[in-house]
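# Working through the structure, step by step
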Amino acid sequence: QTIYNNVVAHLSEKLETLNKGRKLTYIGITINLIIAGIIIISMFGKFSDLIDIISDWPLNLGIGIMALYISGNYIGNKMEYLINNKNWNSILTGIIGLLTILLIGIFFGSTVGFLQEGIENIGRENGLKNALIDYYIKPLFWIILFGIIPTILVGGIMGWNLKTKA
């Protein structure tokens, strides 16, 4: 009975710890999405411009955001494990983890656009090359250009919190 209670207590503690990684990662993703919205509004000047962008690409953004949270589930748990059990640098691990999540979201969101529109251009001269540039490289460039600094800051803070909160 005592061994059983010790095992259950140990496993409960481990599960609670892993959930902190997932929760902090979800918070980091959400903060980055809010920052992205603020950047769009500040660049274009009106909240309605943000709504226009969302309504122009709802499936791309929806799949991309869904990929952020799904990958965040796994990467958040892994980051916490690496920080607390393997003693990896918490700030650097948080930054790399959140950047990886961002890249996964960009890839999945871009793939939607490529499959919807870009694949039609493959038969034309330079069609595949142009489609890959338009639907993968350009979104990657613009999202990284405006998102790298917030992602690094939020990722570093998230990693630090994973170390200090666990």
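Above this text you will find the structure in question.
Structural notes, computed from the coordinates. (Residues numbered from 1 in each chain as written. Predicted model: local features only at pLDDT ≥ 70, side-chain atom pairs only at ≥ 80, totals over all residues. Heavy atoms only, no water.)

### Considerations on the overall build of the chain
Across its full length, the chain holds five helices and zero strands. Along the chain, helices (α) and strands (β) appear in the sequence α-α-α-α-α when read from the amino end. Computed over C-alpha atoms, the radius of gyration of the chain comes to 19 Å, more than 25% over the 15 Å expected from 2.2 N^0.38 for 166 residues, which places it beyond the range of a compact globule. Projected onto its principal axes, the C-alpha coordinates of the chain cover approximately 70 × 35 × 25 Å. A total of 166 residues make up the chain; the buried ones form 33% of that total. Looking at the chain alone, contacts between residues at least 24 apart form 79% of all its contacts between residues at least 6 apart. A total of about 10500 Å² of accessible surface is found on the chain, and carbon and sulfur atoms cover 69% of it. (Helix = DSSP H or I, 4+ residues; strand = E, 2+ residues; numbered from the N terminus. Rg over C-alpha atoms; globule rule 2.2 N^0.38 Å. Buried < 20%, exposed > 50% of the residue type's maximum accessible area, 1.4 Å probe, protein only. Contact = heavy atoms within 4.5 Å. Areas by Shrake-Rupley, 256 points an atom, 1.4 Å probe, with all protein chains shown as cover.)

### Details of helix α3 (residues 58-84)
For α3, which comprises 27 residues, the first-to-last C-alpha distance of 38 Å matches the rise-based estimate of 39 Å (1.5 Å per residue) to within 8%. Of all the bends in α3, the largest measures some 35° and sits at G72. (Expected span 1.5 Å × (residues − 1). Bend = angle between axes of the 7 residues up to and from the residue.)

### Here's the deal with the layout of surface pockets
Computed from the structure, the largest pocket encloses a volume of approximately 1400 Å³. Lining the largest pocket we find 39 residues, and of these I40, I53, L61, P139 and I143 sit closest to its centre. Going through the elements one at a time, α1 (2-44), α2 (47-56), α3, α4 (90-116) and α5 (127-165) are the ones with two or more residues in the lining of the largest pocket. (1 Å grid on protein atoms, 1.4 Å probe; cavity = no way out; pocket = protein on both sides within 12 Å on 5 of 7 lines; lining within 4 Å. Points joined across faces, edges and corners; volume = space filled by probe spheres on them.)

### Things to note about the pattern of salt bridges
Tallied over the entire structure, the rule returns one salt bridge. Here K138 and D134 are joined by a salt bridge, their closest N and O atoms 2.9 Å apart. Separated by four residues within a single helix, K138 and D134 lie in helix α5, roughly one turn from each other. Taking the relative accessible area as the measure of exposure, K138 reaches 43% and is therefore partly exposed. (Salt bridge = Lys/Arg side-chain N within 4 Å of Asp/Glu carboxyl O.)

### Quick notes on the nonpolar core
Core analysis: the largest hydrophobic core is formed by 11 residues, namely L24, I29, L68, I75, M79, I83, L98, I101, V154, M158 and L162. When contributions to this core are tallied by element, the ones reaching two or more residues are α1, α3, α4 and α5. With four residues, α3 is the single largest residue contributor to this core. With residues near it in sequence (within four places) discarded, L162 still touches K20, G21, L24, M79, E80, I83 and N84. (Core = buried A, V, L, I, M, F, W, Y, C linked by side-chain atoms within 4.5 Å.)

### Describing α2
Among all positions of α2, only D49, L50 and I53 are buried. Along the axis of α2, the buried positions cluster into a sector of 105°, meaning they face one direction only. (Arc of directions from axis to C-beta.)

### Digging into a nonpolar patch on the surface
A cluster of nonpolar side chains, namely M43, F44, F141, W142, L145 and F146, defines an oily patch on the protein surface of about 630 Å² accessible area. Mapped by element, the contributors of at least two residues to the nonpolar patch are α1 and α5. For the nonpolar patch, the element with the highest residue contribution is α5, accounting for four residues. For L145, the position within the fold is in helix α5. (Patch = residues over 30% accessible without salt bridge, like charges linked within 9 Å, V, L, I, M, F, W, Y side chains within 5 Å.)

### Here we look at the packing of aromatic side chains
Two numbers describe a pair of aromatic rings. These are the distance of the centres and the angle of the planes. Scanning the entire structure with this criterion turns up six aromatic pairs. On the basis of an interplanar angle of 45° and a centroid distance of 5.6 Å, the ring pair of F114 and Y136 is categorised as tilted. Residue F114 is located in helix α4, and its partner Y136 is located in helix α5; the two are separated by 22 residues in the primary sequence. Summarising the burial analysis for this pair, F114 and Y136 share the class buried. When the centroid spacing of 4.9 Å and the interplanar angle of 80° are considered together, the rings of F141 and W142 count as edge-to-face. (Phe/Tyr/Trp six-rings, centres within 6.5 Å; stacked < 30°, edge-to-face > 60°.)

Don't take any of this as a statement about function, it's just geometry.
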